[in-house]
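Okay, here's what each chain looks like letter by letter:
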Amino acid sequence: MTRVYRDEDYRPRPNKRGSRPRTKNRPNHDAAVDGLVTAVDRGRYRVALTDGSGTGSITAVRASHLRKDAVVPGDIVKLVGDTSGGKDTLARLVEITERRTLLRRSADDTDPTERVIVANVDVMGIVTATEDPEPSFGLIDRALTAAFDADVTPLLIVTKTDLRPADDIVERFSATGVEIISSGLQPDGTLTDAPVFDRLRGHLSVLVGHSGVGKSTLMNALVPRAHRATGHVNDVTGRGRHTSSSAICLPLDGGGWLVDTPGVRSFGLAHVDRETLISAFPELVEATADCPRGCTHQAGAPGCRLDAWVAEGQAGPGGVSRLESLRRLLPKTG
Ligand SMILES: Nc1nc2c(ncn2[C@@H]2O[C@H](COP(=O)(O)OP(=O)(O)OP(=O)(O)O)[C@@H](O)[C@H]2O)c(=O)[nH]1
Ligand SMILES: [Mg+2]
Ligand SMILES: [Zn+2]
């Protein structure tokens, strides 16, 4: 597997302490083969071999000592047993390699139950449509925060630029430093996917976003053999139909992997602490240095510097809206 790591990427805070789950220290399995988990289906794992022999796909089950450990797409694992990949064969998954990154969300902000989305990604493509469905800035801000928390580089992918230009979205995020690229349908019905492809090639990336924004459509354009089902957006509700029901990881031509995930309704951040929340708003964080100690940063908090900072235009044209978003995420009391 080829991966390219670029230092110039928006990586606000590398090596955050405690963000990496510990390695499973298990006996050496000399005959084990290495693979990448590409899909999870009711306790069975699809694993692509990463030993250079091609990407033959093997079905595996967890060894008993791992039965309490979540295995997710993107996990790099060791397999023993029947690794021929033949029909009806099952290999045994005996080790989960230490994860570089782990992208999580909780059911909601108060529910600490975590859902692990994907492991080891270095880029999180936050997909939003210009319309159909309407963009949800709140969801994007949340996804950006989760990416920041996980030390994953966020990339905003604006789709359906054939329906409406991406300008409003680009403006809203212009001061954040987050890279933004776009795609849309051309008159011949194909997608302008080259910018997305160029950006993702060589990386292990994941696409996240609301249902109907076009994640699977992008995956199909970037991986011609993907054959992901795509669904129409409901004309009345303007919502997608939750067409994709599980995540899948597929190889990109020229190296790298792409994970398509089911559309999310929300992006709970119960696992993210307050300090990390603020830092995930890089165009606002500077102002908070001059706030009084223990400032809640909520509207009307005595001496809070954020309102003036935004009013002075220091946080760019999206400042007002981004500050509202931050305040919704922060606890109401200090
Ligand atoms: N006009 C236009 N339609 C698009 C574009 N990209 C995707 N669509 C349409 O949007 C609808 C939803 O696309 P999907 O790819 O299924 O969306 P998804 O994000 O995978 O949705 P879930 O799997 O439900 O999370 C389909 O009807 C697509 O044809 C685009 O760039 N322009
Ligand atoms: Mg889909
Ligand atoms: Zn403050």
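Everything that follows concerns the structure shown earlier in this document.
About the thresholds
- Residues numbered from 1 in each chain as written.
- Chains lettered and ligands numbered in written order.
- Predicted model: local features only at pLDDT ≥ 70, side-chain atom pairs only at ≥ 80, totals over all residues.
- Heavy atoms only, no water.
- Helix = DSSP H or I, 4+ residues; strand = E, 2+ residues; numbered from the N terminus.
- Buried < 20%, exposed > 50% of the residue type's maximum accessible area, 1.4 Å probe, protein only.
- Contact = heavy atoms within 4.5 Å.
- Areas by Shrake-Rupley, 256 points an atom, 1.4 Å probe, with all protein chains shown as cover.
- Pairing = 2+ DSSP bridges.
- Phe/Tyr/Trp six-rings, centres within 6.5 Å; stacked < 30°, edge-to-face > 60°.
- Expected span 1.5 Å × (residues − 1).
- Donors = N, O, S within 2.8 Å, 3.2 Å for Na, K, Ca; no water.

Further remarks concern the overall build of the chain. On a plain count of helices and strands, the chain comes out with eight helices and 13 strands. Taking all 334 residues of the chain together, 49% fall into the buried category. Relative to all contacts within the chain whose residues are 6 or more apart in sequence, the contacts with residues 24 or more apart total 65%. When the accessible surface of the chain is totalled, it reaches about 15800 Å², and 48% of it is carbon and sulfur.

The element strand β11 (residues 204-208) is largely enclosed, with a buried count of five among its five residues. With burial as the criterion, each face of β11 is covered, one bearing Leu204, Val206 and Val208 and the other bearing Ser205 and Leu207. As judged from the four bridges shared by strand β8 (residues 123-129) and β11, these two strands associate in the parallel manner. Paired with Val123 across the strands is Ser205, a residue of β11. With four bridges joining them, β11 and strand β13 (residues 257-260) adopt parallel strand pairing.

Moving on, we get to the packing of aromatic side chains. Scanning the entire structure with this criterion turns up one aromatic pair. Centroid distance Phe137 to Phe173: 5.7 Å. Interplanar angle 75 degrees. Geometry classified as edge-to-face. A residue pair is termed long-range when its members are at least 10 positions apart, and Phe137 in helix α1 (residues 137-149) and Phe173 in the loop between α2 (167-172) and β10 (179-182) qualify at 36 residues. Owing to a relative accessible area of 1%, Phe173 belongs among the buried residues under this scheme.

Mapped onto the secondary structure, Ser205 falls in strand β11. Owing to a relative accessible area of 0%, Ser205 belongs among the buried residues under this scheme. Every residue in contact with Ser205, bar those within four places of it in the chain, is listed here: Val121, Val123, Leu200, Trp257, Leu258 and Val259.

Counted at 1.5 Å a residue, the expected span for α1 with its 13 residues is 18 Å, and the 18 Å between its end C-alpha atoms agrees. Most of α1 is tucked away, with eleven of its 13 residues classed as buried. All of the buried residues in α1 are Leu139, Ile140, Asp141, Arg142, Ala143, Leu144, Thr145, Ala146, Ala147, Phe148 and Asp149. Its buried side turned inward, α1 meets β6 (102-106), β8, β9 (153-159), α2, α5 (274-279) and α8 (319-329). Where α1 terminates, the next one or two residues include Asp151, which has phi positive at roughly 60 degrees.

Bringing the coordination of the magnesium ion (ligand 2) into the picture now. On the protein side, the magnesium ion (ligand 2) has Ser216 (OG) and Ser244 (OG) as donor atoms, found 2.0 to 2.1 Å from it. Here Ser216, found in helix α4 (residues 215-222), pairs with Ser244, found in the loop between α4 and β12 (248-251); they are 28 residues apart in sequence, far enough to count as distant. Of the two residues, Ser216 and Ser244, both sit in the buried class.

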